[in-house]
Amino acid sequence: MEISQLKYFAAVARLGNVSKAAQELYVTQPNLSKSIARLEEELGVPLFEHRKGKILLNDYGRMFLSSVNLSLAELESGVQSIQRMYESSQNILALGSSIDDLLPDVLRDFAQVHPEIGIRQFGCSPSELAERLERRILDLAIAARPVPGDALVFEELGRSEFVILVGRNHRLAGRTYVRVRELAEEKLICDRSRMDAATLTKVCQAHGFTPNIVFEVENSSLIYSLLSSDRGIAFMPMVQMRKIHREYPDSGIHMVLLEDPVEAASLGILYRRDYDWSAAARTFAAFLRQWLDTEAAEVAELKHITSET
């Protein structure tokens, strides 16, 4: 009896459909059917019933599934345990981020200061971050906001004011300040990783209009390209303007300050409430705090220069 057979059996039992299970498992339907048939032959009992195009567990199958699920869960726990043991011994840290371009920037500087610490990097949505943290695939994660549930802790490390970014030919390009209500007729580009569509809609509706969101993306490079080609404007944290100045000096993107109060973009670190902090994790968290403090000081200077022009 092979582990793959047990995984195939569990997937078919969960989905009740061989075709769907084959797609999920990235195997062909005939091979999956043969694997299930071999499993039943080894056990000497049928595990499924076929009813009107559906495949359902029989009593034997339900009893066997309980044992299979326990076995697979125990196996996964064992795999994760030895991976954590290996990573700890090798000084490796598994990090995730829901903000597409932040972690690479941090790690570029971190690696220069701490070359002795290895990094496994993951980019995923906030819900995926939460799942991977709870499954102990990740040690720490960087996120823009807390995630639901009591198993994880969100420690806010910094905030950055939202500003409006526009292309060089936009009517607001020469402005220093703008009111939110002046954006009622604008095409808006939504950065899901920093201000999702629901939050953007709430901000705009507080000022009397529903936003015209024409793009909803998570990739900063794409947002900069859309701004440069005047495809819309975007609410973005002011810290992004510093990145644009540094990495996209010819983009023609301009920053316009908001006259109205809008809750600042937060940034923090997520970790399991029961997480046993390694020396590498503590070192990275301390570095991230310092890195964000430096960013905040430079952004404050950028705001001062902009407001004086």
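Anything mentioned here points back to the structure above.
Figured I'd write up the structure that's included with this text. (Residues numbered from 1 in each chain as written. Predicted model: local features only at pLDDT ≥ 70, side-chain atom pairs only at ≥ 80, totals over all residues. Heavy atoms only, no water.)

1. What to know about the sheet that holds strand β7 (residues 162-166)
Strand pairing in a sheet relies on backbone hydrogen bonds, with the paired strands running either antiparallel or parallel.
Then, number 1: The six strands lie next to each other as β8-β12-β7-β11-β9-β10, forming an open sheet whose pairing is mixed. Bordering the open sheet on either side are β8 (177-178) and β10 (212-217), each of which pairs with just one other strand.
Then, number 2: When strand β9 (residues 187-191) meets β10, the two strands line up parallel, connected through five bridges. If you follow Leu188 over to β10, its bridge partner there is Ile213.
Then, number 3: Against the sheet, helix α8 (residues 220-228) makes contact with β7, β9, β10 and β11 (233-237), and its axis sits at roughly 140 degrees relative to β11, the strand it touches most. (Pairing = 2+ DSSP bridges. Helix = DSSP H or I, 4+ residues; strand = E, 2+ residues; numbered from the N terminus. Contact = heavy atoms within 4.5 Å. Axes fitted to C-alpha atoms, helices over the stretch in contact; angles between N-to-C directions.)

2. Details of a nonpolar patch on the surface
Then, number 1: There is a patch of nonpolar side chains on the surface, built from Ile3, Leu75 and Val79 and spanning about 220 Å² of accessible area.
Then, number 2: On the secondary structure map, Val79 appears in helix α4 (residues 59-89). (Patch = residues over 30% accessible without salt bridge, like charges linked within 9 Å, V, L, I, M, F, W, Y side chains within 5 Å. Areas by Shrake-Rupley, 256 points an atom, 1.4 Å probe, with all protein chains shown as cover. Salt bridge = Lys/Arg side-chain N within 4 Å of Asp/Glu carboxyl O.)

3. Considerations on the packing of aromatic side chains
Then, number 1: A full pass over the atoms with the stated rule returns seven aromatic pairs.
Then, number 2: Summarising the aromatic geometry, the rings of Tyr271 and Trp277 are spaced 4.9 Å apart at their centres and angled 75 degrees between planes, so their arrangement reads as edge-to-face. Trp277 shares its class with Tyr271; the two are buried. (Phe/Tyr/Trp six-rings, centres within 6.5 Å; stacked < 30°, edge-to-face > 60°. Buried < 20%, exposed > 50% of the residue type's maximum accessible area, 1.4 Å probe, protein only.)

4. Notes on unusual backbone geometry
Then, number 1: Phi at Tyr26 is positive, roughly 60 degrees, even though this residue is not glycine.
Then, number 2: Within the element layout of this structure, Tyr26 appears in the loop between α2 (18-25) and α3 (29-43).
Then, number 3: One non-glycine residue, Asp230, adopts positive backbone phi at about 55 degrees.
Then, number 4: Relative to the elements of secondary structure, Asp230 occurs in the loop between α8 and β11.
Then, number 5: Taking the relative accessible area as the measure of exposure, Asp230 reaches 31% and is therefore partly exposed.

5. Focus: the sheet that holds strand β6 (residues 152-160)
Then, number 1: Spatially, β4-β3-β5-β13-β6 is the arrangement adopted by the five strands of the open sheet, whose pairing is mixed. Of all strands in the sheet, those with a lone pairing partner are β4 (118-123) and β6, marking the two edges. Direction aside, neighbouring strands of the sheet carry axes that sit 20 degrees apart on average.
Then, number 2: One ladder, built from three bridges, connects strand β5 (residues 140-143) with strand β13 (residues 265-272); its direction is antiparallel. Bridging across to β13, Ala143 finds its partner in Gly268.
Then, number 3: Against the sheet, helix α5 (residues 102-113) makes contact with β3 (92-97), β4, β5 and β13, and its axis sits at roughly 170 degrees relative to β4, the strand it touches most.
Then, number 4: Against the sheet, helix α6 (residues 126-134) makes contact with β3, β4, β5, β6 and β13, and its axis sits at roughly 165 degrees relative to β5, the strand it touches most.

6. Points about the nonpolar core
Then, number 1: Among the nonpolar cores identified, the biggest contains 27 residues, and Leu140, Phe284 and Leu288 are the most heavily contacted of them.
Then, number 2: Residue assignment for this core shows that the elements contributing at least two residues are β3, α5, β5, β6, β13 and α10 (279-308).
Then, number 3: Counting residues per element, this core draws most heavily on α10, at eight residues.
Then, number 4: Residues within four places of Leu288 in sequence aside, it is in contact with Val106, Ile142, Leu157 and Ile269.
Then, number 5: Grouped together as the second largest cluster of nonpolar side chains are 22 residues, Phe162, Leu188, Val203 and Phe209 included. (Core = buried A, V, L, I, M, F, W, Y, C linked by side-chain atoms within 4.5 Å.)

That is the geometry; function is a separate question.
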